[in-house]
Amino acid sequence: LTIGESGSKMRPYIVKRSLLFIPTLLIVTMVIFGILRVVPGDPAMMILGGEDAEDDYSEQQLADLRAKLGTDKPIHVQYFVWIGKMLRGDFGISFFYEGDMVLDDIKERVPVTLELGLMSLFLASIVAIPLGVISAMKQDTIGDYVTRVITIMGIALPNFWVAIMTIFFLVLFFNWAPPLAYVPPWEDPWVNFQQLIFPAIALGTSNMAFIARITRSAMLEVLHEDYIRTARAKGLGEKVVISRHALRNALLPVITLTGYEFGRLISGTVIIEVIFLVPGMGRLLITSIFHRDFPMIQGTIVLIALVVLVLNLLLDLTYAWVNPRIRYS
């Protein structure tokens, strides 16, 4: 195919995938908004009642605050007001952090979460891909069995348990504890690295296991192809055969999985950030849920969903470009 023909065949696929993006995001906003209005807990009562909900307040004060927050209106009116403002870039004002714009608070936390997610994905990939390749090359040997046990354990162990055990052993043997003050990488890269390396390891454990297993499966499939036997018959060294022929062809499903895993990592930072005191979006979300801060919860989840959807869209388009067989007719 020429470049023009390839581009013309890609356009319908791009349009269809892009059109699916909009209703998906719309459904996410509906689910988030609806669930927050169904679960128990009135933001106005929590604000007036204080942390222990024991402060005295009158019914008039409660009604006035509900009117100020906008929670006295019917749910469909609240939803359309919120959507209308969000489309103009206004995510609202925090209920709990009085006067703080939701978007401003989220902007401060996004770089921290993205840095943690990227570091975790990088660490998982540099361990998982070599592990998967070695396991495939040494199929049914002791090394392969050990690798498979490690990956199964990585998948089975929850991230939060790995995080708690990491802190426990670091405190017990190295007297290390999560720092209370976060240092951005542009102020002190080394301190920032020390603060995020252990959360990144805990977050990336399960991802490392998934990527390693996919790499092993893809390599086992590729190693039995005819072109691999041809390359060996030509007298090419084993390293050249593995790196230039086998691994390059086996990486396509690995890259696809890695992209999807990054979306999972962003959403998976919620618990890890709380355990390691990392001031990212996950920690902000937990605090907002505790205080029934509806605008902050909605804005944070919508942004996380948007990041995941954009990543999935880019991966689908990239995969269709690399592998024309999956394009829509």
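Residues numbered from 1 in each chain as written. Predicted model: local features only at pLDDT ≥ 70, side-chain atom pairs only at ≥ 80, totals over all residues. Heavy atoms only, no water.

**Some thoughts on the overall build of the chain**
In terms of helices and strands, the chain carries 12 helices and 0 strands. Listed by position from the N terminus, the elements making up the chain come as α-α-α-α-α-α-α-α-α-α-α-α. Taken over 329 residues, the chain has a buried fraction of 40%. Of the contacts formed within the chain by residues at least 6 apart in sequence, a portion of 73% connects residues at least 24 apart. (Helix = DSSP H or I, 4+ residues; strand = E, 2+ residues; numbered from the N terminus. Buried < 20%, exposed > 50% of the residue type's maximum accessible area, 1.4 Å probe, protein only. Contact = heavy atoms within 4.5 Å.)

**A look at a nonpolar patch on the surface**
Nonpolar side chains collect at one region of the surface, where V149, M153, L157, F160, W161, I164, I271, V274, I286 and I289 lie side by side and expose about 820 Å² of accessible area between them. Within the residue set of the nonpolar patch, elements represented by two or more residues are helix 6 (142-156), helix 7 (159-174), helix 10 (238-275) and helix 11 (281-290). Top element by residues in the nonpolar patch is helix 7. It accounts for 3 residues. (Patch = residues over 30% accessible without salt bridge, like charges linked within 9 Å, V, L, I, M, F, W, Y side chains within 5 Å. Areas by Shrake-Rupley, 256 points an atom, 1.4 Å probe, with all protein chains shown as cover. Salt bridge = Lys/Arg side-chain N within 4 Å of Asp/Glu carboxyl O.)

**Some thoughts on unusual backbone geometry**
The backbone of L277 sits at a positive phi, close to 60°, despite the residue not being glycine. Structurally, the position occupied by L277 is in the loop between helix 10 and helix 11. You can call L277 partly exposed: its relative accessible area is 27%.

**Thoughts on the side chain of D105**
Among the secondary structure elements, D105 is positioned in helix 5 (residues 102-137). There is no salt bridge for the buried D105, and the closest opposite charge comes from R109, which lies 6.4 Å off by N-O distance. Residues contacting D105, with those up to four places away along its chain left out, are Y97, D100, L284 and M296. (Lys, Arg positive; Asp, Glu negative; His and termini not counted.)

**Here's the deal with the environment of V133**
Mapped onto the fold, V133 is located in helix 5. The exposure class assigned to V133 is buried, which follows from its relative accessible area of 10%. The contact partners of V133, leaving out residues within four places of it in the chain, are T215, M219, I242 and L247.

**Regarding the nonpolar core**
If you look at the biggest cluster of nonpolar residues, it comprises 28 residues, and the most contacted ones within it are A202, I211, I272 and F276. Looking at this core, the elements with two or more residues in it are helix 5, helix 7, helix 8 (189-223) and helix 10. With 7 residues, helix 8 is the single largest residue contributor to this core. (Core = buried A, V, L, I, M, F, W, Y, C linked by side-chain atoms within 4.5 Å.)

**Observations regarding the packing of aromatic side chains**
Counted under the stated rule, the structure contains 7 aromatic pairs. The interplanar angle of 75° and the centroid separation of 5.3 Å between the aromatic rings of F168 and F169 together place this pair among those described as edge-to-face. Note on F168: relative accessible area 44%, which makes it partly exposed. Look at F169 and you get partly exposed, because its relative accessible area is 42%. Aromatic ring contacts, followed pair by pair, group F33, Y79, F80 and W82 into a single cluster. Looking at R37, its charged tip hangs above the ring of F33, at a distance of 3.7 Å from the centre. (Phe/Tyr/Trp six-rings, centres within 6.5 Å; stacked < 30°, edge-to-face > 60°. Lys NZ or Arg CZ within 6 Å of the ring centre and 35° of its normal.)

Shape is all these values report; function is a separate question.
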